[in-house]
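Next come the chains, spelled out residue by residue.
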Amino acid sequence: MAKVSVKLVAEAGIGTVASGVAKGNADIIQISGHDGGTGASPISSIKHAGGPWELGLTETQQTLIENGLRERVVLRVDGGFKSGVDVMLAAAMGADEYGFGSVAMIATGCIMARICHTNNCPVGVASQREELRARFPGVPGDLVNFFLYVAEEVRGILTQLGYEKLDDIIGRTDLLRPRHISLMKTQQLDLSYLLSSVGRPKWSSTKIRQQNVHTNGPVLDDILLADPQISDAIEKEMEVKKTVQIYNVDRSVCGRIAGVIAKKYGDTGYAGRLEILFTGSAGQSFGCFLTPGMNIRLVGESNDYVAKGMAGGEIVITPSDKTGFVPEDATIVGNTCLYGATGGRLFVRGKAGERFAVRNSLAEAVVEGTGDHCCEYMTGGCVVVLGKVGRNVAAGMTGGLAYLLDEDDTLIPKVNKEIVKIQRVVAPVGQLQLKQLIEAHVNKTGSTKGTAVLNEWEKYLPLFWQLVPPSEEDSPEANLEFGDRTIERITVKSA
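Residues numbered from 1 in each chain as written. Predicted model: local features only at pLDDT ≥ 70, side-chain atom pairs only at ≥ 80, totals over all residues. Heavy atoms only, no water.

Student: I tried to follow empty space enclosed by the protein on my own but got confused; where do I start?
Tutor: Gaps between atoms show up when a probe of the same size as a water molecule is rolled over them. The tally for this structure, following the rule as stated, stands at two cavities of 30 Å³ or more. In this structure, the largest cavity encloses a volume near 80 Å³. What lines the largest cavity is a set of 13 residues, among which Q61, Q62, M93, T173 and S196 lie closest to the centre. Of all the elements, helix 3 (residues 53–66) adds the most residues to the lining of the largest cavity, at four residues. Looking at side-chain class alone, the lining of the largest cavity contains five nonpolar, eight polar and no charged residues. Here the second largest cavity is characterised by a volume of approximately 40 Å³. Its residues assigned to classes, the lining of the second largest cavity comprises three nonpolar, three polar and four charged. (1 Å grid on protein atoms, 1.4 Å probe; cavity = no way out; pocket = protein on both sides within 12 Å on 5 of 7 lines; lining within 4 Å. Points joined across faces, edges and corners; volume = space filled by probe spheres on them. Helix = DSSP H or I, 4+ residues; strand = E, 2+ residues; numbered from the N terminus. Nonpolar A, V, L, I, M, F, W, Y, C, P; charged D, E, K, R; others polar.)

Written out as structure tokens, the structure reads:
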């Protein structure tokens, strides 16, 4: 079973949050300091987010020990780690594992140009342009050598202190001494909090790291997989229809089912069909990692990460009947839907939260409104939005297409224009793609908004904007020069 790692920013009060995370059965708590960070981060995040990892780690270690929770979780820390000395300091303050990010990138050739989001990385680390990727100088051996040197430095310091292994010094704040520097701004610093100790864990770090993965007991997917109809449908590639009640404590629903199918048949080899109707409120990651052959419908609403990692299949989400609100005006799915999806379709009768379709690669989706950062870092697929969106649309979008309905002329200022081009839907193939997706949306969800658009197609078509990254500029959906001949081929193929 996979472990659950929860990342917390080092700041005042992190100990209380970490205690709750430990009680929630997390396996790893990662404390991230303000140093380090990728070159793609905004300057405000690099300079002003969080505090020193030393303070966050110390507070977390002490709070967990005082509440008898330290043995339940592995403490991992990162934030500008560069050497074995950083590892030794973190170990003495209680960390079990140590994260190296920026310096590991530099070891393999990154020059920290801080333009990762523009697709123009000069050394090809963060780019999909083949001519730039050809410049990438890194080899695995560079990274291996770096970590060997870090390990050798740690071994050397342990030897000098007279200890045999790292386990022996984890939580030993008595080994730390303040370094006195004759600067006016450091003379009033009180480091006693960092050097104080409330005891050490009852178990060694190795035993903590090797304990079994925490579990909340049987989850909804286990119950579904135990159903003879579903198990037979998977084993014998049959068709089955089920109706299931779902609650917001049911997280990652359908993820394990998809895993069983993928393990047996691969990504596209399953010839059966699972049609599952869920009613109620779904927890996080509903429909994650879905595979072809799985058609999932939810009547209700869902939390964040709907269709995360989706590889195929179909998800349809509609509100319950007689809800008392207009579906296209209400948010019925949370943030970060379609994160990293590589296939499949998602139809949502209602609005989505922030970061809709972030890192979407090949999935197609129709939604009736989104929050900020829609289509962020998108690399493929197609997204149709039949309502208003938030700010910073298409930031870092290097592939795929987006069609956004703009009824009140407010869209243009919200689009991040660093990469994408904004144009009306003039290509016949693009118009056909847009119309077919809306038709599918209406057919699946009964959307009144989609129906209104189709009924007055000539009126609404000029109100759509098409967002086109450079990689799609010569595609038939975005380029008028391809003409009607391509439409005929696509129509025949669809039929």
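Student: Would you mind showing me how to read the sheet that holds strand 4 (residues 97–99) here?
Tutor: Strand order across the open sheet formed by four strands is 1-2-3-4, with parallel pairing between neighbours. Two strands bound the open sheet, and with one partner strand each, they are strand 1 (5–9) and strand 4. Recorded for the sheet is a direction-independent mean angle of 25° between the axes of neighbouring strands. Two strands pair when backbone bridges link them, and strand 3 (residues 74–78) and strand 4 are joined in this way by three bridges, in the parallel orientation. Across the sheet, residue R76 finds its bridge partner in strand 4, namely E97. Docked against the sheet, helix 3 engages strand 2 (28–32) and strand 3, running at close to 170° with respect to strand 3. (Pairing = 2+ DSSP bridges. Axes fitted to C-alpha atoms, helices over the stretch in contact; angles between N-to-C directions. Contact = heavy atoms within 4.5 Å.)

Student: What exactly am I supposed to notice about the side chain of T398 here?
Tutor: For T398, the position within the fold is in the loop between strand 11 (379–385) and strand 12 (399–405). Of note is the side chain of T398, whose polar atom sits 3.3 Å from the side chain of Q128. Apart from the residues within four sequence positions on either side, T398 is in contact with N119, Q128, M378, T379, I419, P469 and S471. (Polar contact = N/O pair within 3.5 Å; in protein donor to acceptor, adjacent residues only side chain to side chain.)

Student: Can you help me understand the pairing of strand 2 in this one?
Tutor: Remember that side chains alternate between the two faces of the sheet whenever the strand is regular. Within strand 2, five of the five residues are buried, which leaves it mostly tucked inside the rest of the structure. Burial of the side chains of strand 2 extends over both faces: I28, Q30 and S32 are buried on one face and I29 and I31 on the other. As paired elements, strand 1 and strand 2 share five bridges and run parallel to each other. If you follow S5 over to strand 2, its bridge partner there is I28. The parallel pair strand 1 and strand 2, bridged by helix 1 (residues 14–23), forms a crossover whose chirality is right-handed. As paired elements, strand 2 and strand 3 share five bridges and run parallel to each other. Following the sheet pairing, I29 is matched in strand 3 by L75. (Buried < 20%, exposed > 50% of the residue type's maximum accessible area, 1.4 Å probe, protein only. Right-handed = clockwise from strand over helix to strand, strands pointing away.)

Student: What is the right way to read the sheet that holds strand 5 (residues 239–246) from this model?
Tutor: In sheet architecture, strand pairing relies on hydrogen bonds along the backbone and comes in two forms, parallel and antiparallel. Strand order in the open sheet made by the 10 strands is 5-6-7-8-9-10-11-12-14-13, with mixed pairing throughout. In this open sheet, the two edge strands, each paired with only one partner strand, are strand 5 and strand 13 (421–424). Neighbour-to-neighbour, the strand axes of the sheet open up by a mean angle of 15°, direction not taken into account. Pairing between strand 9 (residues 343–348) and strand 10 (residues 364–367): three bridges, direction parallel. Its bridge partner being in strand 10, L346 is matched across the sheet by A365. Those strands touched by helix 13 (residues 428–445) are strand 7 (294–302), strand 8 (311–318), strand 9, strand 10, strand 11, strand 12 and strand 14 (464–468), and its axis lies near 60° from that of strand 9.

Student: So what exactly am I meant to see when it comes to the environment of Y339 here?
Tutor: Within the secondary structure, Y339 sits in the loop between strand 8 and strand 9. Judged by relative accessible area, which is 33%, Y339 ranks as partly exposed. The residues contacting Y339, other than those within four sequence positions of it, are A307, K308, G309, V358 and R359.

Student: Hey, could you run me through the pairing of strand 12 in this one?
Tutor: Among the seven residues that make up strand 12, seven are buried, leaving the element largely enclosed by the rest of the structure. As paired elements, strand 11 and strand 12 share five bridges and run parallel to each other. From the neighbouring strand, V384 faces strand 12, where its bridge partner is Y403. Both strand 12 and strand 14 contribute to a ladder of four bridges, which runs antiparallel. In the sheet register, A402 faces strand 14, and the bridge partner there is L467.

Student: So what exactly am I meant to see when it comes to the pattern of salt bridges here?
Tutor: Pairs can form between side chains of opposite charge whenever their charged atoms are close. With the rule as written, the count across this model stands at 17 salt bridges. Among the salt bridges present, the one from R76 reaches E97, with a minimum N-O distance of 2.8 Å. You can see R76 sitting in strand 3 and its partner E97 sitting in strand 4, a full 21 residues away along the chain. Here E131 ties to R129 by a salt bridge, and the two come within 2.8 Å at their closest N and O atoms. Using a relative accessible area of 46% as the deciding quantity, one classes E131 as partly exposed. (Salt bridge = Lys/Arg side-chain N within 4 Å of Asp/Glu carboxyl O.)

Student: Before we go on, may I ask you to explain unusual backbone geometry in this structure?
Tutor: If a residue is not glycine, its phi is most likely negative; likewise, a peptide bond is most likely trans. Even without glycine at this site, Y305 takes up a positive phi of about 65°. With respect to the helices and strands, Y305 occurs in the loop between strand 7 and strand 8. According to the relative accessible area criterion, Y305 is partly exposed, its value standing at 29%. Even without a glycine there, the phi angle at R355 is positive, about 60°. Relative to the elements of secondary structure, R355 occurs in the loop between strand 9 and strand 10.

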